[in-house]
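Each chain, letter by letter, is given below.
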Amino acid sequence: MFRKTKLLILIFLINSCFLSENYGQEALPKFYFGGINFNTGKFLPHSKRIDKIKSNVFAVQAKIYQNIKYNNDWKNPFNSTKFGYSLTYIHATNAVIGDLWGANMFMEPSLFSYHRLHIYTHMGAGIAYATNKFNKETNPTDFMISTDLSFFFNLKLNLDFELSKQFSLGLNAGFSHCSNAALNLPNLGINIFNYGFNLGYNIYDNQKPINSCKLTPEDKKWAYDFAVGVATRGVNEYIDKYYFIVNSDFSINRFLSRKNIMSLNFHYVLRQGDIYDNYYDTKYYNYFGLALGHELLIRNLSVLTQLGAYLYDTHLNQHYWYAHLGIRYYFTKNIFGMITLSNRKQSADYLQYAVGYRFK
């Protein structure tokens, strides 16, 4: 019950973060079909436990865009960023993996445009249903997914060419990840590299950026955060015990605009046991990490992304890179709470709940 509750809370916050784009609009939001992607690719085994599993994949993604109005309540932090919702079907040729049905909310920041040529990224987060999962009797080699519903992430780079005012044709390449955030083990996660082509419909409407999100001389350009959080993690699928983890984060933030913040993050982690333990470890170990991060502010909500490495740890797992993806809510201008998914190397590590304070 506790694991399901944590899963539902995180899904709710992810949805709240993206849906917060709707505020300040005078009329009902306008939705329109934006195109479809056809992709092929490969399953990427990232652990010795699954390195014998090979599979090609075929994926189809349909996108629905939401027309976001530019007004004083919404300061668009990117040049012509688009928001929307997507449905994705991924078929794996290996029956061990099965199929994935995903639903995401996404944003597509524009990177470069020249006449009819457009380069932009696609960043989506949501949930996915897996037709196959770990089962000791019927599917004992699937250490990737152990729950029907999991978190689903998409990251793509797109190159589009406008054929007309309504239609565009392009190429894309990206990465998809499916994981339940180690709320239930085993959970190595499904990693897929994919590439293909996309057909766009009516997605270039000459949106113009506004400058109201730029910093003024009165704005603070630097800020410092300190946060403390706790998390738990299962030992493994054969031992019904959980490790306890404490994480502290000190960040030096540089405001690029009122909505875009770059950060240098110093992490200290006190954790029991390790990801790959085959037995229950009662010892605690110290981890020291350094990461670069980005924060996208949307009113009281923000989306956090960080990538770094553990420079030293007492468990001798040195130089393991890690990634953080989180959502932060500001109760006041300085006090915030957040939920962060931590990945170590290619595996989901733990889901952290934290509170913090921003010094300006």
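Thresholds, definitions, all that
- Residues numbered from 1 in each chain as written.
- Predicted model: local features only at pLDDT ≥ 70, side-chain atom pairs only at ≥ 80, totals over all residues.
- Heavy atoms only, no water.
- Helix = DSSP H or I, 4+ residues; strand = E, 2+ residues; numbered from the N terminus.
- Polar contact = N/O pair within 3.5 Å; in protein donor to acceptor, adjacent residues only side chain to side chain.
- Contact = heavy atoms within 4.5 Å.
- pLDDT = per-residue confidence, 0-100.
- Pairing = 2+ DSSP bridges.
- Axes fitted to C-alpha atoms, helices over the stretch in contact; angles between N-to-C directions.
- Salt bridge = Lys/Arg side-chain N within 4 Å of Asp/Glu carboxyl O.
- Buried < 20%, exposed > 50% of the residue type's maximum accessible area, 1.4 Å probe, protein only.
- 1 Å grid on protein atoms, 1.4 Å probe; cavity = no way out; pocket = protein on both sides within 12 Å on 5 of 7 lines; lining within 4 Å.
- Points joined across faces, edges and corners; volume = space filled by probe spheres on them.
- Nonpolar A, V, L, I, M, F, W, Y, C, P; charged D, E, K, R; others polar.

Here's the deal with the side chain of D349
1) Next: As for its position among the elements, D349 is in strand β17 (residues 347–359).
2) Next: A distance of 2.7 Å separates polar atoms of two side chains, one belonging to D349 and the other to R271.
3) Next: Residues contacting D349, with those up to four places away along its chain left out, are A182, R233, R271, I275, S342, N343 and R344.

Quick word on the confidence of the model for the protein
1) Next: Mean pLDDT over the protein works out to 84, with 84% of the residues at or above the 70 mark.
2) Next: No element of the protein has a lower mean pLDDT than helix α1 (residues 2–19), at 47, and none a higher one than strand β12 (residues 260–272), at 94.
3) Next: In the predicted structure, residues 11–29 sits below a pLDDT of 50 and forms 42 contacts with residues beyond four places in sequence or in another chain.
4) Next: For the stretch residues 206–211, pLDDT sits under 50, and the model shows 11 contacts to residues farther than four places along the chain or on other chains.

As for the sheet that holds β17
1) Next: If you walk around this closed barrel you meet the 8 strands as β10-β11-β12-β13-β14-β15-β16-β17, and the pairing is antiparallel. Ignoring strand direction, the axes of neighbouring strands in this sheet form an average angle of 25 degrees.
2) Next: Note that strand β15 (residues 321–330) and strand β16 (residues 335–344) share 9 bridges and pair antiparallel. Bridge pairing in β16 links Y330 to F336.

Things to note about the pairing of strand β5 (residues 110–114)
1) Next: As defined by bridge partners, β5 adjoins strand β6 (residues 117–130) across 4 bridges and the pair is classed as antiparallel. Bridge pairing in β6 links S113 to H118.
2) Next: Counted between consecutive antiparallel strands, the loop separating β5 from β6 contains 2 residues, among which H115 sits at a positive phi close to 55 degrees.

Thoughts on the pattern of salt bridges
1) Next: Scanning the model with the defined rule gives 9 salt bridges in all.
2) Next: E108 is paired through a salt bridge with K63; the nearest N and O atoms lie 2.9 Å apart. Note that E108 is positioned in strand β4 (residues 99–108) and K63 in strand β2 (residues 56–67), a separation of 45 residues in sequence.
3) Next: Under the relative-accessibility criterion, E108 is labelled buried at 3%.

Some details on the layout of surface pockets
1) Next: The space that makes up the second largest pocket amounts to roughly 490 Å³.
2) Next: Of the residues in the lining of the second largest pocket, the class split is 4 nonpolar, 2 polar and 9 charged.

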